[in-house]
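Overview (structure and organization)
Residue-level listing of the chains:
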Amino acid sequence: MPVKVAVNGSGTIGKRIVDSVLLNKDFKLVGVAKYKPDYQAYLMIEKGIPVFVPRDRAGEFINSGIEPSGYIDYLFEEADLIYDASPGGKGVLNKKIYEKHGKPVVFQGGEDPEIAEISYSTFCNYSDAINKKNVRVVSCNTTGMLRLLCILEKEYGVKKALAVIIRRAADPKEDNKGPVNSILLDPPEIPSHHGVDARTVAPWLNITSAAVVVPTTLMHMQFIEVELKSPVKKDEVLEVLGRYRRFLLIDSTRTGIDSTSKLMELARDAGRMRGDIYENSVFIDTVKIEDTRLYMFQGIHQESIVIPENMDVAYAILGLEHDQYRVVEKTDNLLGIGSLEKLIKTSRHR
């Protein structure tokens, strides 16, 4: 019997969760909570997706030509699992509503860690999420860092890490944000919140992070420095990362892909929906190792990188699967993760 899923919100993350749930035979989308009769609501109706609305706004939707499937409280009552994909900071208000219905909830990284029993990243703490009632999937940058660092911890041990994050200024549709012509310290101090947030998932991690915002909407870029507990060679690290489809290994010299814009063009030309890149995009030409010290750049597509973790965590929360690697394989196959690397036939050894 498929798990009945409700999604509260249809923004950058919410609409991608909706599409992923629709692909998954283990899940059944009960519907989506909408609060405004915007173009997203029209698109969902056209796609046959049930739209549920607040009681006091039902008339507004009907007058706009959108016939709701019911009220939002009906949606939450019917669901076995709720994804909260509302704007950052709204989840804490929604939590009171969810608790009345007694349903497990997946929150997003825009919420404070205190909203959930645990913060989550699949390669770090999948087993900790099993049968939890509330779990928070960490933000895009934190997800990208933790995928890498938890795998390195497992293979070699991590003494400490530094992450310098060059952040996109806004998502493509967010035309009210900036900066337009500046590099903004975000925040104007060290550390940034990213390393602090990473420790809510991996408290053993000794990490410092710093961030700036630049005028682009495409992706984040991260410079990562890691001091490992044992010496390692570059080929060994690339071989380890190559075992995981959630790492896209980019040979810039051979492929000419040396920027976030070219990465996005690759995803679009490959037919990825919305040009999404679920993988950490590791530029292998930048991977440098000095004894136990590892340096590298990786690109992080902020709009989609957390979607695999959102799919994974449902299996843990509902107790459907205790083996994280079986879940990862299922999700990777579902979303076509790994297909971009097959397309460009990147060498894993340089």
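Since this is a predicted model, take the numbers as computed values, not measurements. Here the residue index of a chain counts from 1 through its sequence in written order. In keeping with the model being predicted, local features are shown solely for residues with a pLDDT of at least 70 and side-chain atom pairs are shown and tallied solely at 80 or more, while totals for entire chains, interfaces and linings include all residues. Based on all heavy atoms of the structure, the side-chain values leave hydrogens and waters out of the count.

Observations regarding unusual backbone geometry
In this model, G178 is joined to P179 through a cis peptide bond whose omega is 5 degrees. Labels follow the DSSP assignment, with helices taken as runs of H or I lasting at least four residues and strands as runs of E lasting at least two, numbered in each case from the N terminus. In this fold, P179 is placed in the loop between β9 (158-168) and β10 (184-185). Look at the link from I190 to P191: it is a cis peptide, with omega at 10 degrees. Along the chain, the position of P191 falls in the loop between β10 and α8 (193-201). Backbone geometry places N131, a non-glycine residue, at a positive phi of 65 degrees. Tracing the backbone through its elements, the reader meets N131 in the loop between α6 (122-125) and β8 (134-137). Its identity is not glycine, yet D291 carries a phi of approximately 60 degrees, on the positive side. Judged by relative accessible area, D291 falls into the exposed class, the value being 54%. Think of it in three bands: residues with accessible area under 20% of the maximum for their type are buried, residues over 50% are exposed, and the middle band is partly exposed, with areas taken using a 1.4 Å probe on protein chains only.

Topic: helix α9 (residues 234-241)
For an α-helix, 3.6 residues make a turn, and residues three or four places apart therefore share a direction. Three or more residues of α9 are buried, namely K234, V237, L238, V240 and L241. End-on, the buried residues of α9 take up no more than an arc of 160 degrees, which puts them together on one face. On its buried face, α9 is in contact with α7 (140-155), β13 (247-250) and β15 (288-290). Each direction from the helix axis to a C-beta atom contributes to the arc, which is the arc of those directions. Whether two residues are in contact is decided by their heavy atoms, any of which lying within 4.5 Å being enough.

Observations regarding the side chain of T143
For T143, the position within the fold is in helix α7. A residue is classified by how much of its surface remains accessible, and T143, at 0% relative accessible area, is buried. The residues contacting T143, other than those within four sequence positions of it, are S121, V138, I305, V306 and E309.

Description of the pattern of salt bridges
By convention in these notes, a salt bridge is any Lys or Arg side-chain nitrogen within 4 Å of a carboxyl oxygen on Asp or Glu. The final tally for this structure, using the stated rule, is 24 salt bridges. Ionic pairing is found between D38 and K34, a salt bridge with its closest N-O pair at 3.0 Å. By relative accessible area, K34 is classed as buried at 6%. Put simply, R55 and D73 hold a salt bridge, and the shortest N to O gap is 3.1 Å. Of this pair, R55 sits in the loop between β3 (51-53) and α3 (58-63) while D73 sits in helix α4 (residues 72-78), and the two are 18 residues apart along the sequence. For D73, a relative accessible area of 28% corresponds to the partly exposed category.

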